[in-house]
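Each chain, written out:
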Number of protein chains: 2
Amino acid sequence: MLYIVGLGLGDERDITVRGLDAVRSCSKVYMEAYTSLLSLGLDPAALANLEKLYGKEITVADREMVEERVDQVLNEAADTDVAFLVVGDPFGATTHTDLVVRAKKMGVEVKVIHNASVMNAIGVCGLQLYRYGETISIPFFTDEWRPDSFYEKIQNNRKLGLHTLCLLDIRVKEPTWESLARGKKVYEPPRFMTVNTAISQLFESYYDIRFKDHFLPAYGRDTLCIGVARLGSDDQKIVAGPMEKLLDVDFGPPLHCLIIVGETHPLEEEMLEFYMIK
Amino acid sequence: MLYIVGLGLGDERDITVRGLDAVRSCSKVYMEAYTSLLSLGLDPAALANLEKLYGKEITVADREMVEERVDQVLNEAADTDVAFLVVGDPFGATTHTDLVVRAKKMGVEVKVIHNASVMNAIGVCGLQLYRYGETISIPFFTDEWRPDSFYEKIQNNRKLGLHTLCLLDIRVKEPTWESLARGKKVYEPPRFMTVNTAISQLFESYYDIRFKDHFLPAYGRDTLCIGVARLGSDDQKIVAGPMEKLLDVDFGPPLHCLIIVGETHPLEEEMLEFYMIK
């Protein structure tokens, strides 16, 4: 049996009782590191805390391992109980659909243990979850690569009065271009996008495409946004305000995300008041 | 302190370790019954199981109590630690934003403990969560009341190629019209909408409005849909197929929800294959 266990958003105590029982019953425990490295990797004690609560050793599975050695994990799961831990929900922002498809094709039984993810915990801001449109991802721009496909999606959401959740880029264990050319991988230091960088890039996209035909502003300096850092942790930070003003707010350590607010209802506005920048 | 604790989607073991610790430390424990009555109320042992795990007596707070006596709960929370339990996530499908707003206005400290909700656990179907548009609610039609505002929302989502999550009506402790007229409340038996009723009503709306100006079909008999029952429970049921074919599938006990599928990617299709009706 392969248990895919969501760990939730905070620390080791955000696992569910069902998830904890499953992990404790497994003979092998892997943890997906792609999204978790930043939250856990910055605090070396975090992994030890997980191992202590579970009473199990954890093998951290980075992106390469998940992609290249997944068959080994699945073979183990065919014979014995294996847990694969995922920050947030197994099907939250980062998908593990591929793992499930492969397991099912190999005839390995899969049990998913759900937990909170950014996709629902973001409700804490006070905006109703059913009033969000398509979720977008904002990647780090480079000199050569400045994709702006998110612009049209934000515009579609805003035309319908809907809120837009922006997931911000995480770069963990990315090989450098130089090292790939030399044939021996050297990795970039991990990077995560701040709310401030995201907003700068949104402004850049705006200026990049404003001379296109049929340009309609999807947002501007005064568009109400909410910056969120460390959602679900004890020290989460939520600040609402005009896009331009959030540029200067220090949101602190990762992970960050951003909401571009659509049309609001009075109850949403009451809640936003508590987070509004002074 | 007021702890608003998400219980997740399955049974008592879906609470998080953090949530369990909080509940055990509280002097008073309330449970919101509006959405939970159907899952728990159908199984009288369920409440007892919660109380046993928590080692606490639970006061079930129905909708009237939450609306009328919330100040009493908040006054208690000003003096001591009070837990308010919510099925799913505190800010999932049913919102508790109002409770938080009132608490903050009274100066009562609030701590939210997140958990899975339908809004993220629905990812188990294999459709990517960031490819969903606005979520809709389908209410029970009556002879006099057949709202169809959801039709346009589905259409907007489908024009953009997005999936639509349909939350289906739950009627718990609704006073009958006759009893309201007599001035003494008598309650309707609890009702929940099945996938089958939802699809019938979608077809009814289609026929109701097809003669309107600018009518564009948002869906039809062959539109790919996914019916989901008891999401996150051990006996969850997921069946995908053309809308018309799902009309005859028995999804069993509540709660149900429905997804109208938009444009799909190959990985989504691979996953859907496992659920496809034969």
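Residues numbered from 1 in each chain as written. Chains lettered and ligands numbered in written order. Predicted model: local features only at pLDDT ≥ 70, side-chain atom pairs only at ≥ 80, totals over all residues. Heavy atoms only, no water.

Caption draft 1: Local environment of the packing of helix 8 (residues 149–159) of chain A against helix 10 (residues 195–209) of chain A. Residues and elements named next belong to chain A. At a minimum axis distance of 10 Å, the contact between helix 8 and helix 10 shows a crossing angle of 95°. By the angle between their directions, the pair helix 8 and helix 10 is classed as roughly perpendicular. Every residue of helix 10 that contacts helix 8 at Phe150, Tyr151 and Ile154 is listed here: Leu202, Ser205, Tyr206 and Ile209. Looking at the contact of helix 8 with helix 10 residue by residue, the classes come out as 6 nonpolar, 1 polar and no charged. (Axes fitted to C-alpha atoms, helices over the stretch in contact; angles between N-to-C directions. Helix = DSSP H or I, 4+ residues; strand = E, 2+ residues; numbered from the N terminus. Parallel < 35°, antiparallel > 145°, perpendicular 65-115°, else oblique. Contact = heavy atoms within 4.5 Å. Nonpolar A, V, L, I, M, F, W, Y, C, P; charged D, E, K, R; others polar.)

Caption draft 2: Summary view of the domain arrangement of chain A. Residues and elements named next belong to chain A. Assigned domains of chain A: these are domain 1 (2–116) and domain 2 (119–273). A straight line from the C-alpha centre of domain 1 to that of domain 2 covers 27 Å. The interface is formed by 12 residues belonging to domain 1 together with 18 residues belonging to domain 2. When the two sides are added together, the surface that domain 1 and domain 2 hide from each other amounts to roughly 1200 Å², 63% of it contributed by carbon and sulfur. Along the contact surface separating domain 1 from domain 2 lie 0 salt bridges. For the side of domain 1 that touches domain 2, the elements supplying multiple residues, two or more each, are helix 2 (36–41) and helix 4 (63–68). The residue inventory of the side of domain 1 that touches domain 2, partitioned by class, reads 7 nonpolar, 2 polar and 3 charged. (Domains from an automatic or database assignment. Buried area = accessible area lost by both parts, 1.4 Å probe. Salt bridge = Lys/Arg side-chain N within 4 Å of Asp/Glu carboxyl O.)

Caption draft 3: Just empty space enclosed by the protein, in detail. Enumeration according to the criterion identifies 5 cavities of 30 Å³ or more in this entry. Of the pockets and cavities examined, the largest cavity occupies roughly 230 Å³. In terms of lining residues, the largest cavity is bounded by 14 residues, among which Met119 and Leu129 of chain A together with Met119, Leu129 and Tyr132 of chain B are the most central. Its residues placed into classes, the lining of the largest cavity shows 10 nonpolar, 4 polar and no charged. (1 Å grid on protein atoms, 1.4 Å probe; cavity = no way out; pocket = protein on both sides within 12 Å on 5 of 7 lines; lining within 4 Å. Points joined across faces, edges and corners; volume = space filled by probe spheres on them.)

Caption draft 4: Representation of the packing of helix 12 (residues 266–273) of chain A against helix 6 (residues 97–105) of chain B within the structure. Helix 6 of chain B packs onto helix 12 of chain A with a crossing angle of 40° between their chain directions and a minimal axis gap of 10 Å. The orientation of helix 12 of chain A relative to helix 6 of chain B falls into the category oblique. For the element pair helix 12 of chain A and helix 6 of chain B, the recorded crossing hand is left-handed. Contacts between helix 12 of chain A and helix 6 of chain B involve Leu267, Glu270 and Met271 of chain A from the former and Thr97, Asp98, Val100, Val101 and Lys105 of chain B from the latter. (Left-handed = near helix turned anticlockwise from the far one by under 90°.)

Caption draft 5: Up close: the environment of isoleucine 226 of chain B. For isoleucine 226 of chain B, the position within the fold is in strand 10 (residues 224–229). Dropping the residues within four chain positions of it, isoleucine 226 of chain B is found in contact with Cys125, Leu127, Ile238, Val239, Ala240, Leu246, Cys257, Leu258, Ile259, Val261 and Leu272 of chain B.

Caption draft 6: Spotlight on the relation of the copies chain A and chain B. Here chain A sits on chain B after a turn of 180° about the axis and a move of 0.0 Å along it, with an RMSD of 0.0 Å. What we have between these two chains is a two-fold relation. Interface residue correspondence from chain A to chain B reaches 100%, placing this contact among same-surface, isologous pairings. (Least-squares fit on C-alpha atoms with pLDDT ≥ 70 in both.)

Caption draft 7: Structural context of the pattern of salt bridges. Scanning all chains against the criterion turns up 26 salt bridges over all chains. A salt bridge links arginine 13 of chain B to aspartate 21 of chain A, with the nearest nitrogen and oxygen atoms 3.3 Å apart. Highlighted residues: arginine 13 of chain B in the loop between strand 1 (2–6) and helix 1 (17–25) and aspartate 21 of chain A in helix 1 (residues 17–25), drawn from two different chains. Look at the salt bridges and you will find they share partners, linking Asp11, Asp14 and Asp234 of chain A together with Arg18 of chain B into a network.

Caption draft 8: Main features of the interface of chain A and chain B. In this complex, chain A contributes 49 residues to the contact, which on the side of chain B involves 50 residues. Taking both sides of the interface into account, the surface hidden between chain A and chain B amounts to around 4500 Å²; carbon and sulfur atoms contribute 59%. Linking chain A to chain B there are 12 salt bridges. With a shortest N-O distance of 2.9 Å, arginine 18 of chain B and aspartate 14 of chain A are connected by a salt bridge. Elements with a minimum of two residues in the side of chain A that touches chain B: helix 1, helix 6 (97–105), strand 5 (110–113), helix 7 (118–121) and helix 12 of chain A. In terms of residue count, helix 6 of chain A provides more of the side of chain A that touches chain B than any other element does, 6 residues in total. Residues belonging to the side of chain A that touches chain B are distributed by class as follows: 20 nonpolar, 15 polar and 14 charged.

Caption draft 9: Unusual backbone geometry, seen in detail. All names here are of chain A. Along the chain, proline 254 connects to leucine 255 via a cis peptide bond; the corresponding omega equals -10°. Within the secondary structure, leucine 255 sits in the loop between helix 11 (243–246) and strand 12 (256–260). Phi is positive for arginine 230, close to 55°, though the residue is something other than glycine.

Caption draft 10: Spotlight on the side chain of threonine 16 of chain A. The residue threonine 16 of chain A is located in the loop between strand 1 (2–6) and helix 1 in this model. Those residues in contact with threonine 16 of chain A that lie beyond four places of it in its chain are Ile113, His114 and Asn115 of chain A together with Arg13, Asp14, Ile15, Thr16, Val17 and Asn115 of chain B.

Caption draft 11: Local environment of the sheet that holds strand 7 (residues 164–168) of chain B. All names here are of chain B. Ordered by their spatial adjacency, 5 strands build an open sheet running 6-7-12-10-11, and the pairing between neighbours is mixed. If you trace the sheet from one side to the other, it starts and ends with strand 6 (136–138) and strand 11 (237–242), each paired once. If you compare each strand with its neighbour and ignore which way they point, the axes differ by 25° on average. For strand 7 and strand 12 (residues 256–260), the ladder comprises 4 bridges, and the chain directions are antiparallel. Following the sheet pairing, leucine 165 is matched in strand 12 by isoleucine 259. (Pairing = 2+ DSSP bridges.)

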